[in-house]
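These are the residues of each chain, in order.
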Amino acid sequence: MSIADQLSDVRSRITLSAQDCGRDPRSIRLVAVSKAKPTDCIREAYAAGQRAFGENYVQELASKSEELADLPDLEWHFIGHLQTNKAKLAARFAHVVHTVDSVVIARELGRRAARERSTPLPVLVEVNIGGEPQKAGAAPSEVDEVMSAVATQPSLLLRGLMTVPPAGDREQSRRTFETLASLRALHGGAAVLADLSMGMSGDFDLAIRAGATLVRVGTDIFGPRPRRPY
Ligand SMILES: *Cc1c(COP(=O)(O)O)cnc(C)c1O
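Remember, predicted model here, so these are calculated numbers, not experimental data.

Right, let's get into the environment of S63. If you trace the backbone, S63 turns up in helix α3 (residues 58–67). Here the alpha-carbon distance between S63 and T39, two residues 24 residues apart in the chain, equals 9.8 Å.

Shown next, in the form of structure tokens:
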């Protein structure tokens, strides 16, 4: 299947999952995860109407953004682990950053965004629900302080919460998504945290059922990636 066909298949699955639980499909945004894929693939998806793309290396996002500067209204979502020494590039090239996971990162990204941008940078707080030590993300108990750190940066706009469930079965993913949704309820609800970024190729249907507003889908759109530590 072509990228356009795969995209349209993913879009219909999103619509069906939404209808299945009584949600408006338009309340769910598809972020096409293009990491490790050449810009030709992004052009193909763009031609099929896709506008939001996700990358997990800042450098890769920046160079793709420059290569594709001729495409109007492309929207770059940074979904990888953010380090302080990459905050400047992220602030310059990303339209949304899903992975603010510490007070230090919030401050540095805020400082950089103030210099690099004329409008506030929308960000989400990444939460490590599974408590996996090797994984990025704030602990659920740290969400409050990271949210406050974002709120004190005028150049950042707090948009929501994001999570990546432990690799495992769908039941594990389902529980992780529900936990992220309850964390949102605990920290001000949708009025404060409009977005829930959760769900990938294998589990976005479950994420939608749990309230996802941003689903990050790579493989089901662009096919398998070369084995690299993504
Ligand atoms: C790679 C990646 C995705 C997409 O995963 P697929 O299984 O290919 O759909 C989503 N979110 C994050 C954070 C990723 O790194």
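Take the packing of aromatic side chains next. Two descriptors summarise a pair of aromatic rings, namely the distance from one centre to the other and the angle between the planes of the rings. One pass over the full model with this rule turns up one aromatic pair. For R51, the ring lying beneath its charged end belongs to Y46, and the centroid distance is 3.6 Å.

This paragraph deals with the environment of S118. Its location among the elements puts S118 in the loop between α5 (103–116) and β5 (121–126). What makes S118 exposed here is its relative accessible area of 78%. With 37 residues separating them along the chain, S118 and S155 place their C-alpha atoms 8.5 Å apart.

In this section: the pattern of salt bridges. Within the structure shown, the criterion is met by 18 salt bridges. In this structure, the salt-bridge partner of R26 is D24, at a minimum N-O distance of 2.9 Å. Exposure remark for R26: the relative accessible area of 75% places this residue in the exposed category. With relative accessibility at 33%, the residue D24 sits in the partly exposed group. One salt bridge in this structure joins R159 and D195, with 2.8 Å as the shortest N-O distance. Taken together, the residues R159 in strand β6 (residues 156–162) and D195 in strand β7 (residues 195–197) connect sequence positions 36 residues apart.

What counts and what doesn't
- Residues numbered from 1 in each chain as written.
- Predicted model: local features only at pLDDT ≥ 70, side-chain atom pairs only at ≥ 80, totals over all residues.
- Heavy atoms only, no water.
- Helix = DSSP H or I, 4+ residues; strand = E, 2+ residues; numbered from the N terminus.
- Phe/Tyr/Trp six-rings, centres within 6.5 Å; stacked < 30°, edge-to-face > 60°.
- Lys NZ or Arg CZ within 6 Å of the ring centre and 35° of its normal.
- Buried < 20%, exposed > 50% of the residue type's maximum accessible area, 1.4 Å probe, protein only.
- Salt bridge = Lys/Arg side-chain N within 4 Å of Asp/Glu carboxyl O.

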